[in-house]
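What follows is the residue order along each chain.
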Amino acid sequence: MSAILLLLNTLLIPNEACTIIAVGKDASATGFPMVSHSDDSGPSTTDVRLVRVPRRQWPKGATRKLYEWHIPYPRMVSKEMAPDYHPLPGQEEFEAIGEIPQAEETWAYWDTEYGMQNEWGLSIGESTATAMTAGWAATKDKPWGHNKVGIEDLTKLALERCKTARCAVQTMGDIAVQEGFYSADTGSPDAPAYSGSSEALVVVDAEPGDMWVFNVLTGKKNASAIWAAQRLPSDHVAAVGNSFTIRSLDLNDAENNLFSEGVTHLAEEMGWWRASDAKYPGDFDFFGAYGYQPNKENTPPGQIESMTNLLAYYSGRRMWRIFSLLSPSEGAKLDPDLGNVPKTKNPYPPSVKLAPSNKSFSCPSVEYVPPKAPKHSVTREMVMEALRDHYEGTRYDLTQGMAAGPHGTPNRGPVKGITGQWERAISMFRTAYSYVLEPRPGRRSVTWFGYDAAHGTVWLPFYGAAEQGAPATHCHHGFNMSTFNTNAGWWAFNLINQYSDLNFRQINKEVRLKAASIHQKALEAMKTWESESGDLQTWVEHSNHLAVQSVNEWWDLAWKLIAKYGRLVVTYNESETLGVNYIGQMYPAWWLESPDVGFTLWSSRGPFHGILDRLSELVASEGTSPMAAQCILAALAITVVYLVGYRHGQSNQKVSGGYVAMDP
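Calculation notes
Residues numbered from 1 in each chain as written. Predicted model: local features only at pLDDT ≥ 70, side-chain atom pairs only at ≥ 80, totals over all residues. Heavy atoms only, no water. Disulfide = S-S within 2.5 Å. Buried < 20%, exposed > 50% of the residue type's maximum accessible area, 1.4 Å probe, protein only. Axes fitted to C-alpha atoms, helices over the stretch in contact; angles between N-to-C directions. Helix = DSSP H or I, 4+ residues; strand = E, 2+ residues; numbered from the N terminus. Parallel < 35°, antiparallel > 145°, perpendicular 65-115°, else oblique. Left-handed = near helix turned anticlockwise from the far one by under 90°. Contact = heavy atoms within 4.5 Å. Nonpolar A, V, L, I, M, F, W, Y, C, P; charged D, E, K, R; others polar. Pairing = 2+ DSSP bridges.

## Quick word on the state of the cysteines
So, step 1. Using the criterion set out here, one finds 1 disulfide in the structure.
So, step 2. Through a disulfide, Cys 162 is tied to Cys 167; the S-S separation comes to 2.1 Å. What sets the handedness of the Cys 162 and Cys 167 disulfide is the S-S torsion sign, and at about -65 degrees it is left-handed.
So, step 3. Residue Cys 162 is classed as buried on the basis of its relative accessible area of 0%.
So, step 4. Looking at Cys 167, the relative accessible area reads 27%, which means it is partly exposed.

## A few points about the packing of helix 9 (residues 489-500) against helix 11 (residues 536-565)
So, step 1. Their axes nearest at 9 Å, the elements helix 9 and helix 11 cross at an angle of 25 degrees. Judged by the inter-axis angle, helix 9 sits roughly parallel to helix 11. When you trace helix 9 past helix 11, the crossing you get is left-handed. Residues Gly 489, Trp 491, Ala 492, Phe 493, Leu 495, Ile 496 and Tyr 499 of helix 9 pack against Val 551, Trp 554, Trp 555, Leu 557, Ala 558, Trp 559, Leu 561, Ile 562 and Tyr 565 of helix 11.
So, step 2. Tallied by class, the residues present in the contact of helix 9 with helix 11 amount to 15 nonpolar, 1 polar and no charged.

## Re the pairing of strand 15 (residues 225-231)
So, step 1. Where burial is concerned, most of strand 15 is hidden: 6 out of the 7 residues are buried.
So, step 2. Direction of pairing for strand 14 (residues 211-218) relative to strand 15: antiparallel, over a ladder of 7 bridges. Looking across to strand 15, one finds that Leu 217 is bridged to Ile 226.
So, step 3. Where strand 14 folds back onto strand 15 in an antiparallel hairpin, the turn is made up of 6 residues, including Lys 221, whose phi is positive at roughly 55 degrees.
So, step 4. Both strand 15 and strand 18 (residues 257-259) contribute to a ladder of 3 bridges, which runs antiparallel.

As C-alpha cells, this is what we get:
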C-alpha cells in the first residue's frame, strides 16, 4: 500500500466519525432487533447531556422549527424544543433556519446530538458517511447555504412522528427532499469535505421488528436530497463505519427498498453510474454511484491513491471486524484487506447472515459460546464487547507493538506533518458516549447508555417510554467537556479512561471487570423490579437510582485506581512488607530490549536514547551522501554489536532500585 499523505484526524475524516452495529430480530438473543452507536466526536467538545423529550400535543397550525444543531454545549437553546433545551439566563435562543407543519401529537424520546429511541421502541444508530455531493445549512453566516435539515433534526423528527422503522425512513427521506439536506461535516464550498458530506443510519423497531439501513446525501446543485433505504434480513447483523452500505438497491422491490424519486438521475448525468452497470433489471449500486470516490476532479494532485486507501481501511476494517466477531463463520469468508470504497470489486455486503461457529466469543469481562443453532444467539453483551474492540488477537491489534508502548495502550493521538496512518479501532479514546438500543414491545424498550470510550464504560439502562428525564448526573445544565465537574457522570468515566493510559493493560482490565459487575447488577435489578411491578414509572425511578448509584461507584473506582497505580508501582495498603508491589508495573522485556528504547545498550559513552531514532536523524540530515549514510549505518551496527557484547560482559553487575538491571 502506498504511503498515506492525509491524516485521518485533520482534512479527511469527519468530526463525527461514528460506528453502527445492528442485529436483526432473528439473530438477536432477545428475539427483537438491536442497534448501537458510538459518538466518536473528534477534536470538538461535545454536549454530553442525555435529554428527555416529552410527548406533546400541538395546536392546529403549529410548526416544527428546524435548526443547525451544535456539537459543543449547549447543542440547542430554544423554547420550541424540550425543557432541557430552554434558555438559561444569559443564553440566546438559536435561530431557526426553516420550519415545517407540526404533527398533532409527537412522541417522547431520548435525545443526544441525534435522536436515539422513542417511547414505542423506534431506535436509531448514526454514522457520518462520504458522498460525491456536498450541501450547506441555510444559516446567516453561510450565504452559500440553501438547505434546512440535517441528520440531527431528521432523526428527531422520525422519533417524534413514527412508531415503525419503515415510517421513519420514509419520513426522513421526504423531509430531506422537501427542505434540502446538509451535513454538519461538509467543510466549505472552496474546500468541500466529501468524506463527511452525507449520512448513514440503521433504524429498528419493536413491532414488527424490522431493521432498515438509510443513506442520504445532498442533491444536485447544493439542494434537495437523494436517499435510499433498504430492509435488511431479520437473521443478519449489520455494520456501518462512515460509508454508505446500500450496494444493490432493487428499484422493482418496493416492499424492501425505498428511495427518492429519480434516485439514479444525478449519477447517470455525472457519469458515476450507467444503466449497463446493473447486475439485474432494477439493480442500482447506491454506494457505488454516490459514495465519495477520490478522483482528479475532487482530490488534490498526487493524493488520489493515498486518500482512497485511507477511506478504504478506515471504514472497511471495522466492517470486517464486526462481522467476524458477531458471525465468525461468515466473517471468515471476508478479506480483511479488501477495504470499502465505492469502486471496490466484490465489496463487503451491508450485512451478513448469522451463522453457527465452533469458536467462543471471549473478552476480559464476558465469555459467550454460541449455540449450535445460530438463531437468537447475538446478545447485547456481544454487541457491547464489539464496541470495545481494538482488533485484539489479530495482526491489526492496536494493543501490541512499539506504538502501544510498554503497557499496551490502543489509543493513538493526533499527528501532523508526518506521513503515515494508524488503524482505526472500533473503540476510540475520543468517544463522547455510546449506546445500545433494545426495542421491546409493550413500551418496554431499553436504552443502554454509556459515557466516554467504550473500552472503559458501563452501559446503564434507561426506559424508552420513561415519563421523566435522566438523573442530574446525566442531564444537568452546564455539564461540559471543558470544566471538570464531579457531579457530572461523563467526567467519572473520562477521568478513568485518561488515567488508564498510564498502564492500559492492567488498569483497563480492572475497569472492565468493574463494568461487568455493575452490568450484571443492572440485569438482576431489572429482572427483579420488572417482575415485582408492572408500573413503568416505578421501573424508571429504579433505573434512575441505579444510574446515580453506578456513577458514584465509578467515582469510587477512579479514586481507588489513582491511589493504586500512581508512582509507577502497585499500592495495596500501608504495610511495610506487602503494601506495595515495586515491580507491579515493570516494563516488559521486549520493550526494554528494543534498540529504540536503548536500555540494554546504555554505556557511559552512549547511546543515551536508543539508536534507531538517532540513526534516522543522521541519515536524513541535510548534505549526507548515500556513501556517508552507509558508513553511518555500518558504524552504528558495529556499535550495537559492541554494546551487546559489553552488556553480556557486565552480566554480573547489579544495581538496586529497579532502574538498571544487567542480566545474563
